[in-house]
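The lines below spell out each chain.
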Amino acid sequence: MRLTISMTTSSPLRTAVVSRPNAHARIRKSTHIRRLENLAPLRAESSPSSSSTHPSIRYVNEEELEVAIQSREKPMVIDFYATWCGPCVMLSKELEQVAEALGDTVDILKIDCDENEGISNALQIQGLPTLIFVSKSNDKPALRTEGLLPAQSIIEIVTNEL
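This write-up is about the structure you can find in this document. Because the structure is predicted, anything quoted here is derived from the model rather than measured. (Residues numbered from 1 in each chain as written. Predicted model: local features only at pLDDT ≥ 70, side-chain atom pairs only at ≥ 80, totals over all residues. Heavy atoms only, no water.)

### A word on the sheet that holds strand 6 (residues 107-112)
Taking strand neighbours across the sheet as the criterion, the five strands line up as 4-6-5-7-8 in an open arrangement whose pairing is mixed. The strands lining the two open edges of the sheet, one partner per strand, are strand 4 (57-59) and strand 8 (143-146). Geometrically, the sheet is characterised by an average inter-axis angle of 20° between neighbouring strands, direction not taken into account. Note that strand 7 (residues 130-134) and strand 8 share four bridges and pair antiparallel. Each residue of the ladder has a partner; that of leucine 131, found in strand 8, is threonine 145. Lying on the sheet, helix 3 (residues 62-70) is in contact with strand 4, strand 5 (76-81) and strand 6; it crosses strand 5 at an angle near 165°. (Pairing = 2+ DSSP bridges. Helix = DSSP H or I, 4+ residues; strand = E, 2+ residues; numbered from the N terminus. Axes fitted to C-alpha atoms, helices over the stretch in contact; angles between N-to-C directions. Contact = heavy atoms within 4.5 Å.)

Printed below as a string of C-alpha cells:
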C-alpha cells in the first residue's frame, strides 16, 4: 500500500493530509499546537518547583533571569522549556544528572516559554528545548543549543567551553 502525504497551508496551522489512493479515505492530522490546547489545565496542576530535587536547579521568570545573569558568579545553564514538550521533560532528567555531577559549580535555571513569552520572543526561542550556556566572565560569548543533549555533553560544554 502506498501513502501520499501533502501539506496544505489554507489555514494558519499547517495540516498534513495523508491519503490512501485505493481506500478513498483521508485522515487529517493538524499540527501539535491544536492538540496541546487541551493540555492547558494540566499545566496549572503541575508545580514546576516540585519536579526538581536538586538545589542547583531553579525555576525562574523573566525578571529573575535578568537579575541572575547580571549577578552571576559561576557558569549558568539556562533551559528554555515547555511543560507539554516531551524532549524538555527528558532534558530535565539530564539536567538533574548534570547538577549531581557538577554540584554548586554551576547554576541551572529553567524558564517556561509559555509563561514568559517576552524573553522567549526577545531571544528568538523557536525550538524546544533550548539551552543557553553563559560563562561567569563577560569576555566569553554565550553558547546556544536546541534539542535534547545528553548529560555528558552538557558537562563537557560547561567544563571546557565556559
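The rest of the description comes next.
### Considerations on unusual backbone geometry
Cis rather than trans, the peptide bond between leucine 128 and proline 129 has omega equal to -10°. Tracing the chain through its elements places proline 129 in the loop between helix 5 (117-122) and strand 7. Non-glycine residue glutamine 124 carries a positive phi angle of around 55°.

### Focus on the nonpolar core
Counting residues in each nonpolar core, the largest one holds 18 residues, and the members touching the most others are Val77, Ile108, Phe133, Ile154 and Val158. Counting only elements with at least two residues in this core, the list comes to helix 4 (86-102), strand 7 and helix 6 (151-161). In this structure valine 158 touches Pro75, Val77, Leu102, Val106 and Phe133, once residues within four positions along its chain are discounted. Core analysis: the next-biggest nonpolar cluster, separate from the first, contains 13 residues, Leu65, Ala68, Leu109 and Ile119 among them. (Core = buried A, V, L, I, M, F, W, Y, C linked by side-chain atoms within 4.5 Å. Buried < 20%, exposed > 50% of the residue type's maximum accessible area, 1.4 Å probe, protein only.)

### Let's talk about helix 4
Residues three or four positions apart in an α-helix share a direction because the helix packs 3.6 residues into each turn. Taking 1.5 Å of rise per residue, the 17 residues of helix 4 would be expected to cover 24 Å, and the 25 Å separating its terminal C-alpha atoms lies within 8% of that figure. When we look at burial in helix 4, the residues that qualify are Cys88, Leu91, Leu95, Glu96, Val98, Ala99 and Leu102. An end-on view of helix 4 places all buried positions within 165° of arc, on one side of the element. Set apart from the buried face of helix 4 by more than 90 degrees, the exposed residues are Lys93, Glu100 and Ala101. Of the surrounding secondary structure, the elements contacted by the buried residues of helix 4 are strand 4, strand 5, strand 6, strand 7 and helix 6. Looking one or two residues past helix 4, glycine 103 carries a phi angle of roughly 60°, positive in sign. (Expected span 1.5 Å × (residues − 1). Arc of directions from axis to C-beta.)

### Things to note about the state of the cysteines
Under the criterion given, the structure shown has zero disulfides. No disulfide involves cysteine 113; its sulfur sits 7.6 Å from that of cysteine 88, the nearest cysteine. The class for cysteine 113 is buried, based on a relative accessible area of 9%. (Disulfide = S-S within 2.5 Å.)

### Overview of the environment of glutamate 161
Looking at the secondary structure, you find glutamate 161 in helix 6. Once the C-alpha coordinates of glutamate 161 and proline 141 are considered, the two residues, 20 residues apart in sequence, prove to be 9.9 Å apart. Excluding residues that lie within four positions of it along the chain, glutamate 161 makes contacts with Lys140, Leu143 and Glu156.

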